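Secondary and tertiary structure notes
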Amino acid sequence: MLIDFHTHHEHQAHNLINVLTLHVTPALTADDLPDICSLGLHPWFVQGDTWQDAWQNLVTLASSSQVITIGECGLDRHIDLPLATQIEIFKKHIQLAENLQKPLVIHCVRAFAELIALKKNTKSTIPWIIHGFHKKQAVFEQLLRHDFYFSFGAAILCDRNPVVTAIAMLPDGKFLLETDDRTDISIEQIYDRAAQLRHLDVEALQTQLVKTYHQLTGRF
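A brief look at the structure comes next. Everything numeric in this text was worked out from a predicted model, so none of it was measured.

Each aromatic ring pair is specified by the distance between its two centres and by the angle formed by the two planes. Going through the model one piece at a time under the given rule, you end up with 9 aromatic pairs. Where Phe133 meets Phe150, the ring centres are 5.2 Å apart and the plane angle is 65°; that geometry is what we call edge-to-face. Of this pair, Phe133 sits in the loop between β6 (128–131) and α4 (137–145) while Phe150 is found in strand β7 (residues 149–152), placing the two residues 17 residues apart along the sequence. Grouping residues by exposure puts Phe133 and Phe150 together as buried. In textbook terms, an aromatic cluster arises when at least three aromatic residues are bridged by ring pairs, as seen for Phe112, Phe133, Phe140, Phe150, Phe152 and Phe175. Taking NZ or CZ as reference, Lys119 lies 5.9 Å from the ring centre of Trp128, over its face.

Let us now look at the pairing of strand β5 (residues 104–109). In terms of burial, β5 is a largely internal element, 6 of the 6 residues being buried. Side chains of β5 alternate between two faces, with Leu104, Ile106 and Cys108 and Val105, His107 and Val109 buried alike. In this sheet, β5 lies alongside strand β4 (residues 67–76) in parallel orientation, the contact comprising 5 bridges. Bridge pairing in β5 places Leu75 opposite Cys108. Following the backbone out of β4, through helix α2 (residues 83–100) and into the adjacent parallel β5, one traces a crossover that is right-handed. The sheet contact formed by β5 and β6 spans 3 bridges and is parallel. Pairing of Leu104 across the sheet is with Trp128, part of β6. Tracing the backbone out of β5, into helix α3 (residues 112–122) and back to the parallel element β6 gives a crossover that is right-handed.

Rules behind the numbers
Numbering of residues starts from 1 in each chain and follows the order in which that chain's sequence is written. Side-chain atom pairs in this predicted model are given and counted only at pLDDT of 80 or more, local residue features only at pLDDT of at least 70, and totals for whole chains, interfaces and linings cover all residues. To get the side-chain values, take all heavy atoms of the structure and skip hydrogens and water. Only Phe, Tyr and Trp rings are paired, with Trp represented by its six-membered ring, and only when their centres lie within 6.5 Å; those with planes under 30 degrees apart are stacked, over 60 edge-to-face, the remainder tilted. Secondary structure elements are taken from DSSP: a helix is a run of H or I of four residues or more, a strand is a run of E of two residues or more, and numbering for both begins at the N terminus. Whether a residue is buried, partly exposed or exposed follows from its accessible area with a 1.4 Å probe, protein chains only, as a fraction of its type maximum: under 20%, in between, or over 50%, in that order. Comment: the charge-over-ring label is applied if NZ (Lys) or CZ (Arg) is within 6 Å of the ring centre and within 35 degrees of the ring normal. A pair of strands is labelled paired if DSSP reports no fewer than 2 bridges between them. Here is how to tell: hold the view so the strands point away, follow the path from the first strand over the helix to the second, and if it runs clockwise the crossover is right-handed.

In structure tokens, the structure reads:
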């Protein structure tokens, strides 16, 4: 069984768990939800005049059985939305995830210090998963010390990316794999590369990640 833990595209295959990530708008309805999904307000798409309405809709939809994680949500210093507003919205996601006991899937760009501080200060008990991680070894080690989980994607296909060292040394149970918004790569490619970096055969990696997925989400 393959798991694409974070994707923005629908893929159908008998041996694939495809976790579709949706940005919630006021217009999204329960009928729009696929069988397995993650819901959140992505900081890129937050609209200053409508995000409160979108948030109320997220609260309504997030308890649906199809919703296995909350996000993606998070902090991004490369966008115009004020960081203070981003933190306010992110804190709401943290509380919602805690209330529902569903993992938090996080987008973070140049705000890891703030992210770690929020994790410490909120004393959150649910898993926090950094999706698409591709930062330097020092950032990875700091996040690992604070009990973050990781979802790796296309970055592991590049030999020069420091994340190839990170995935090779991670303990079992601390990561999953994803394609994110890429249509030019497959989850099979990501699995093949991850297995190579961890010196495993693909079948053993599949077994390991199904176990991790179950531990994080309670799903098979």
